[in-house]
Amino acid sequence: MELDRAISSRKTIRKFKKQNVPNEYLYEIIQSAMLAPSAKNRQPWRFYILDDKQKEDITNMMYQWGDEYKHIHTSIKGSANQMQTANKVIMIFTPNYHFYKNKKTYYKKPDYLSLGAAIEHMNLKCFDLGLGCTWICDTLYVADEINEYLKLDDLEQVSTLIIGYPEEIPERRERFSMDKLLLNDIPKNKNTKDY
Ligand SMILES: Cc1cc2nc3c(=O)[nH]c(=O)nc-3n(C[C@H](O)[C@H](O)[C@H](O)COP(=O)(O)O)c2cc1C
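Everything numeric in this text was worked out from a predicted model, so none of it was measured.

It is worth spelling out the overall build of the chain at this point. Of the regular secondary structure elements, the chain holds 8 helices and 4 strands. Each helix (α) and strand (β) of the chain, taken in turn from the N terminus, gives the series α-α-β-α-α-β-α-α-β-α-β-α. Each principal axis of the C-alpha atoms in the chain carries an extent, and together these give about 55 × 45 × 40 Å. Looking at the chain residue by residue over its 195 residues, the buried ones come to 26%.

For the ligand, the full set of nearby residues is Lys-11, Thr-12, Gly-78, Ser-79, Gln-82, Thr-134, Trp-135, Ile-136, Cys-137, Asp-138 and Arg-173. Mapped by element, the contributors of at least two residues to the shell around the ligand are helix H4 (70-85) and strand S3 (132-136). When its residues are assigned to classes, the shell around the ligand shows 3 nonpolar, 5 polar and 3 charged.

What follows is about the packing of helix H2 (residues 23-34) against helix H6 (residues 108-128). For the pair H2 and H6, the least separation of the axes is 7 Å and the interaxial angle reads 140°. If you check the angle between H2 and H6, you find them oblique. Crossing of H2 against H6: the hand is right-handed. Of the residues in H6, those touching H2 at Glu-28, Ile-29, Ser-32 and Ala-33 are Ala-118, Ile-119, His-121, Met-122, Lys-125 and Cys-126.

Quick look at the nonpolar core now. With 33 residues, the main nonpolar core has Ile-92, Leu-161, Ile-162 and Ile-163 as its most contacted residues. Of all the elements in the fold, those that place two or more residues in this core are H2, helix H3 (52-64), H4, strand S2 (88-95), H6, S3 and strand S4 (155-164). Counting residues per element, this core draws most heavily on H6, which supplies 6 residues. If sequence neighbours within four positions are ignored, Ile-163 has contacts with Val-21, Ala-86, Asn-87, Lys-88, Cys-126, Leu-131 and Cys-133.

If you walk across this open sheet you meet the 4 strands as S1-S2-S4-S3, and the pairing is antiparallel. The sheet is open, and its two borders are formed by strand S1 (46-49) and S3, each paired with just one other strand. Direction aside, neighbouring strands of the sheet carry axes that sit 25° apart on average.

The buried fraction of S4 amounts to 8 of the 10 residues, a majority that puts the element mostly inside the structure. Two strands pair when backbone bridges link them, and S2 and S4 are joined in this way by 8 bridges, in the antiparallel orientation. Residue Lys-88 lies in a different strand from S4, and its bridge partner there is Ile-163.

Definitions and limits used
- Residues numbered from 1 in each chain as written.
- Predicted model: local features only at pLDDT ≥ 70, side-chain atom pairs only at ≥ 80, totals over all residues.
- Helix = DSSP H or I, 4+ residues; strand = E, 2+ residues; numbered from the N terminus.
- Buried ≥ 20, exposed ≤ 12 C-beta atoms within 10 Å, placed from the backbone.
- Near = placed C-beta within 6 Å.
- Nonpolar A, V, L, I, M, F, W, Y, C, P; charged D, E, K, R; others polar.
- Axes fitted to C-alpha atoms, helices over the stretch in contact; angles between N-to-C directions.
- Parallel < 35°, antiparallel > 145°, perpendicular 65-115°, else oblique.
- Left-handed = near helix turned anticlockwise from the far one by under 90°.
- Contact = placed C-beta atoms within 7 Å.
- Core = buried A, V, L, I, M, F, W, Y, C linked by C-beta atoms within 7 Å.
- Pairing = 2+ DSSP bridges.

Purely spatial values, then, with no claim about function.
What follows is the structure, encoded as structure tokens:
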């Protein structure tokens with residue numbers, strides 16, 4: 001598939017069919033992440049594929065998180081609802097930093113950027129496979145609980161990708177105009193494409 005089409009047509013999918021996503025696809029999705037660029041080729045990504053019970057337990061943690069923070073709670077609940085209907089869930093982790101021991105503070109930001117690149121590869125790969133996904137950070141609210149539950153030491157959760165066959169493809173969410181984004185002028189010619 002043309003990269004251009006994948007970039008311009010990919011959207012966050014929030015409603016999924018019940019249909020099973022084959023495990024081979026999970027390997028392909030993770031392999032696409034492995035091929036992402038990373039600062040100093042550090043490849044700071046680790047993946048955990050949840051089984052159904054783990055998915056249910058983790059969504060329950062999200063439902064139960066901080067009722068008193070109404071606005072945030074609505075967002076977490078929405079993400080938990082989506083996660084429940086997704087057929088597959090991949091959690092993305094990165095090795096923990098030991099700032100003073102290793103003096104590697106410099107790598108923190110580059111590593112996060114590398115992780116973003118890897119997760120976007122996964123996003124586009126899902127689209128290429130005819131799947132839909134949501135890149136979720138709301139699982140971070142219960143990151144400590146999740147680590148304890150999955151018995152993961154020395155790893156920091158950075159995101160979760162929920163995957164399934166799309167039940168509904170939404171309209172494209174609005175984007176800022178180029179005028180707002182460009183801090184100076186670039187020359188435009190008749191072949192310049194507007195998305
Ligand atoms: C780092 C990151 C975190 C996100 N976290 C969530 C989330 O927790 N829950 C959710 O429903 N969507 C989440 N999204 C999806 C965004 O809401 C979505 O990408 C954005 O609204 C633009 O829509 P589009 O992906 O269809 O273009 C996240 C996206 C990114 C890149």
